[in-house]
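# Observations on the three-dimensional arrangement
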Amino acid sequence: MENRQNHLVTLTDCEGNTLKLTEAFEKGEYFPPAPNMYDRLMVANQFKSRQGDVWICGFPKAGTHWFWDILNMVLSNSDVSMEYEKEEQMFELKDQSEFDVLKSPRILNCHLLPKHMPKQVMEQKCKIIYLVRNPKDTAVSHYYHHLAIPSYEYKGSWNGFFSLYMKEMVESVSWFHNVIPWWEFAKTNDNVIIMKYEDMKQNPLPEIKKVAKFLERTIDADLPSKIAEKCDFDAMKARRQQLPGHRPWAYRKGQVGDWKNYFTVAQSDCFDVEYKDRLQNHQDLQTILNYEIIM
């Protein structure tokens with residue numbers, strides 16, 4: 001069930017709980033219900049980019065907060081963490097004037113599809129790091145994201161949220177809706193690199209070096225080890241909790257495989273059928289991701 005008013009949409013899950021989102025670009029494209037969200041998105045294509053801008057993109061809860069911290073350290077050749085959160089440079093939440101005052105290289109982040117990215121970003125072939133994470137882990141984290149932020153007005157159960165997730169009625173629509181277009185775009189654009197959350201979690205040193213190489217940055221030999229230690233999820237979460245304006249919902253568990261504590265066998269089977277169906281024409285993506293989708 002949907003209710004629309006002033007570009008805000010109220011969606012209802014299978015248990016009768018409601019979720020508020022912004023609808024923009026076209027019917028069924030959902031974004032956070034933040035102030036001025038619709039107006040910002042409508043002028044997104046007019047954004048004035050800079051040579052040297054770096055973007056972090058991905059479906060929500062793919063690890064953008066985590067990678068943003070890592071990326072700042074790589075670009076500064078230092079293990080010093082930024083003293084503010086990545087929302088201060090999140091494209092959907094800020095106006096052009098707020099980005100104009102930032103020093104280069106700017107690290108911007110968003111959850112947009114390739115077709116909605118600003119025109120100049122694509123013309124200038126700005127470096128884009130696209131993050132991908134196991135869709136089941138992402139779903140659980142996405143549930144808590146919707147639950148924790150008051151503006152969504154969502155108070156449903158995991159079961160209720162799962163019904164919305166499978167119907168593509170959540171922020172950013174669905175994992176498939178976001179990941180597949182970026183995968184296809186990256187295959188023909190060498191300014192985009194796909195990075196897996198699980199690879200960074202399990203073996204961070206080569207992944208940090210991969211980021212530096214992609215950005216054509218020379219870093220100190222011992223920096224990857226320092227970054228890996230500083231950006232260990234628990235250490236980063238503890239450090240970030242000390243910052244003014246800390247957003248507790250941004251850092252939950254950061255675990256791989258936590259979905260098994262939430263998905264029922266029936267839900268897992270339902271998702272696996274959808275996963276196989278949606279990726280059947282993208283065998284190369286399935287091979288790269290190599291996700292265990294069977295419970």
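Note that this is a predicted model, so its numbers are computed, not measured.

Note that H116 resides in the loop between β6 (107-110) and α4 (119-123). Apart from residues lying up to four places away in sequence, H116 is in contact with F25, E29 and A44.

With that settled, the discussion passes to the pattern of salt bridges. Scanning the entire structure with this criterion turns up 14 salt bridges. The shortest N-O distance in the salt bridge between E26 and K115 comes to 3.4 Å. Of this pair, E26 sits in the loop between β3 (18-23) and β4 (30-31) while K115 is found in the loop between β6 and α4, placing the two residues 89 residues apart along the sequence. Look at E26 and you get partly exposed, because its relative accessible area is 41%. In this structure, D222 engages K226 in a salt bridge whose closest nitrogen and oxygen atoms are separated by 3.3 Å. Judged by relative accessible area, D222 falls into the partly exposed class, the value being 39%. The exposure class of K226 is partly exposed, given its relative accessible area of 39%. Among the charged side chains, a salt-bridge network with shared partners connects E168, E274 and R278.

Our focus in this paragraph is the packing of helix α6 (residues 158-166) against helix α12 (residues 265-278). At a minimum axis distance of 12 Å, the contact between α6 and α12 shows a crossing angle of 10 degrees. Considering their axes alone, α6 and α12 lie roughly parallel with respect to each other. Mapping the contact onto sequence places W158, N159, F162, Y165 and M166 in α6 and Q267, C270, F271 and E274 in α12. Of the residues belonging to the contact of α6 with α12, the class tally is six nonpolar, two polar and one charged.

Attention shifts here to a nonpolar patch on the surface. On the surface, F25, M42 and V43 cluster together into a nonpolar patch covering about 230 Å² of accessible area. By secondary structure assignment, the location of F25 is in the loop between β3 and β4. Looking at F25, the relative accessible area reads 31%, which means it is partly exposed.

On to the packing of helix α2 (residues 64-76) against helix α10 (residues 223-230). Contact geometry of α2 with α10 gives a least axis separation of 10 Å together with a crossing angle of 155 degrees. Relative to α10, the element α2 is oriented roughly antiparallel. Read as a crossing pair, α2 and α10 show a hand that is right-handed. Residues I70, M73 and V74 of α2 lie in contact with α10, whose contacting residues are L223, I227 and K230. Tallied by class, the residues present in the contact of α2 with α10 amount to five nonpolar, no polar and one charged.

Reading the values: the criteria
Residues numbered from 1 in each chain as written. Predicted model: local features only at pLDDT ≥ 70, side-chain atom pairs only at ≥ 80, totals over all residues. Heavy atoms only, no water. Helix = DSSP H or I, 4+ residues; strand = E, 2+ residues; numbered from the N terminus. Contact = heavy atoms within 4.5 Å. Salt bridge = Lys/Arg side-chain N within 4 Å of Asp/Glu carboxyl O. Buried < 20%, exposed > 50% of the residue type's maximum accessible area, 1.4 Å probe, protein only. Axes fitted to C-alpha atoms, helices over the stretch in contact; angles between N-to-C directions. Parallel < 35°, antiparallel > 145°, perpendicular 65-115°, else oblique. Nonpolar A, V, L, I, M, F, W, Y, C, P; charged D, E, K, R; others polar. Patch = residues over 30% accessible without salt bridge, like charges linked within 9 Å, V, L, I, M, F, W, Y side chains within 5 Å. Areas by Shrake-Rupley, 256 points an atom, 1.4 Å probe, with all protein chains shown as cover. Left-handed = near helix turned anticlockwise from the far one by under 90°.

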